[in-house]
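# Remarks on the overall topology
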Amino acid sequence: MNVLETLVSSFCNKSGHDTPDVNELNTLFAERGDFLAQLKIYDAWMGRHTFLEPVEPYLFDLFMTEYMRRESFFNEEDYWESEEWSGILDQVEDRGSEWLNLLIYFVDCTLNEVDPDAEDFLNEFLLVEEDDQQDEYEIYEPFILLQGFIGDDTENILAAVRQVDSDELGAILPALMLFFSEVEEAEGLTPVESALLSATWAAYHEETKRAA
């Protein structure tokens, strides 16, 4: 299964929903086209599958990632400062989640031939220690504070996660902690957290295969 199928099927299996046919989204994610036109198709599909609302932000992150991949934005270093990218961001303000950063980080790792690492993700990719990145620092502060638990027993990791305020990261925090601890599945996760962890691993393996 690809990342989209993994996210949807894992959530449905854990939450008791029938898994929908995602062929339309798979096709959408694979075809080049006008961004706003494709966004309308995506939104229409989500409107017919409202039970997936809890994982919609992460599906949207996948939509964005695949659009950027199709348009080869990852190979253009200056693209992120372009008017075109700013225009797209204006259209999708407040949509998606911080999971998008992790998906782009996986691409960055393959381009630079490095293995994903929590410290590298925070300091070299997100640049949380830079003075002009304090918004990122505040968002990821729970993850920064819990770094010492990476590699610990899964039970201890989740106990620590449940004790911090992670409104900005939400279900992404346990996925981050468990992924960087090399844990692929765990008990005690919500359906969304479990789906996100599975999809995170699927995204990582997918990028690794692309680089091979």
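Relevant structure appears above.
Throughout this description, residue numbers start from 1 for each chain and increase along the sequence as written. Predicted model: local features are reported for residues with pLDDT of at least 70 only, side-chain atom pairs are reported and counted for 80 or more only, and whole-chain, interface and lining totals are derived from all residues. Note that water and hydrogens are dropped before the side-chain values are worked out from all heavy atoms of the structure.

## Quick look at the overall build of the protein
Defined as follows: Strands here mean DSSP runs of E at least two residues long; helices mean DSSP runs of H or I at least four residues long; both are numbered from the N terminus. We compute the radius of gyration from the C-alpha atoms alone; for a globule the expected value is 2.2 Å times N to the 0.38, where N is the number of residues. Each residue's exposure class comes from its accessible area (1.4 Å probe, protein chains only) as a fraction of the maximum for that residue type: buried when under 20%, exposed when over 50%, partly exposed otherwise. Between two residues, a contact is recorded if the distance between any of their heavy atoms is within 4.5 Å.
Helix and strand counts for the protein come out as 11 helices and 0 strands. The linear arrangement of helices and strands in the protein, starting from the amino end, is α-α-α-α-α-α-α-α-α-α-α. A globule of 212 residues ought to have a C-alpha radius of gyration of about 17 Å, and the protein, at 17 Å, matches this closely. With the C-alpha coordinates of the protein rotated into their principal frame, the extents come out at 45 × 45 × 35 Å. When the 212 residues of the protein are sorted by exposure, 49% land in the buried category. A fraction of 60% describes how many contacts in the protein between residues 6 or more apart in sequence connect residues 24 or more apart.

## Let's talk about the side chain of Ser9
In this structure, Ser9 sits in helix 1 (residues 3-15). Discounting residues that sit within four places of it in the chain, Ser9 has contacts with Met1 and Thr19.

## Describing helix 11 (residues 191-211)
The criterion, for reference: Expected helix span is taken as 1.5 Å per residue step, with the number of steps being one fewer than the number of residues.
The end-to-end C-alpha separation of helix 11 is 30 Å, in line with the 30 Å expected for 21 residues at 1.5 Å each. Within helix 11, the full set of buried residues consists of Val192, Glu193, Ser194, Ala195, Leu196, Leu197, Ala199, Thr200, Trp201, Ala202, Ala203 and Glu207. Summarising the contacts, the buried residues of helix 11 are in contact with helix 1, helix 4 (56-70), helix 6 (99-112) and helix 10 (172-180).

## Considering the nonpolar core
Operational definition: Nonpolar core, defined: a set of buried Ala, Val, Leu, Ile, Met, Phe, Trp, Tyr and Cys residues in which side-chain atoms within 4.5 Å join the residues together.
Judged by nonpolar contacts, the single largest core of 71 residues is most densely connected at Tyr42, Met64, Trp99 and Phe143. Apart from residues no more than four positions distant in its own chain, Phe143 is found in contact with Ala118, Phe121, Leu122, Ile150, Leu169, Leu173, Leu176, Met177 and Phe180.

## With respect to the environment of Glu206
Of note, Glu206 is situated in helix 11. Residues Glu206 and Ile144, spaced 62 residues apart in sequence, show a C-alpha to C-alpha distance of 26 Å. Here Glu206 is in contact with Asn2 and Val3, once residues within four sequence places are set aside.

## Section: unusual backbone geometry
One non-glycine residue, Leu127, adopts positive backbone phi at about 60°. Mapped onto the elements of the fold, Leu127 is located in the loop between helix 7 (118-125) and helix 8 (134-145). We note that Glu182 has phi near 65°; this positive angle belongs to a residue other than glycine. Take Glu182: it is sitting in the loop between helix 10 and helix 11.

## Remarks on the packing of helix 6 against helix 11
Applicable threshold: Fitting a line to C-alpha atoms yields each axis, with helices limited to the stretch in contact; the angle taken between N-to-C directions then spans 0 to 180 degrees. For classification purposes, angles smaller than 35 degrees are called roughly parallel, those larger than 145 roughly antiparallel, those between 65 and 115 roughly perpendicular, and all remaining angles oblique. Should the near helix be turned anticlockwise from the far one by less than a right angle, the crossing is left-handed, and should it be turned clockwise, the crossing is right-handed. Charged residues are taken to be Asp, Glu, Lys and Arg, nonpolar residues to be Ala, Val, Leu, Ile, Met, Phe, Trp, Tyr, Cys and Pro, and polar residues to be all remaining types, Gly included.
Contact pair helix 6 / helix 11: the axes reach a minimum separation of 9 Å and the direction vectors enclose 25°. Classified by the angle their axes make, helix 6 and helix 11 are roughly parallel. Where helix 6 crosses over helix 11, the handedness of that crossing is right-handed. Across the interface between the two elements, Trp99, Leu102, Leu103, Phe106, Val107 and Thr110 from helix 6 touch Leu196, Ala199, Thr200, Ala203, Tyr204, Glu207, Thr208 and Ala211 from helix 11. When its residues are assigned to classes, the contact of helix 6 with helix 11 shows 10 nonpolar, 3 polar and 1 charged.

## Quick word on the pattern of salt bridges
Convention followed: We count a salt bridge whenever a side-chain nitrogen from Lys or Arg sits within 4 Å of a carboxyl oxygen from Asp or Glu.
One pass over the full model with this rule turns up 8 salt bridges. For the salt bridge of Glu193 with Arg162, the shortest nitrogen-to-oxygen distance reads 2.8 Å. Note that Glu193 is positioned in helix 11 and Arg162 in the loop between helix 9 (154-161) and helix 10, a separation of 31 residues in sequence. Classification of Glu193 by relative accessible area gives buried; the value is 8%.

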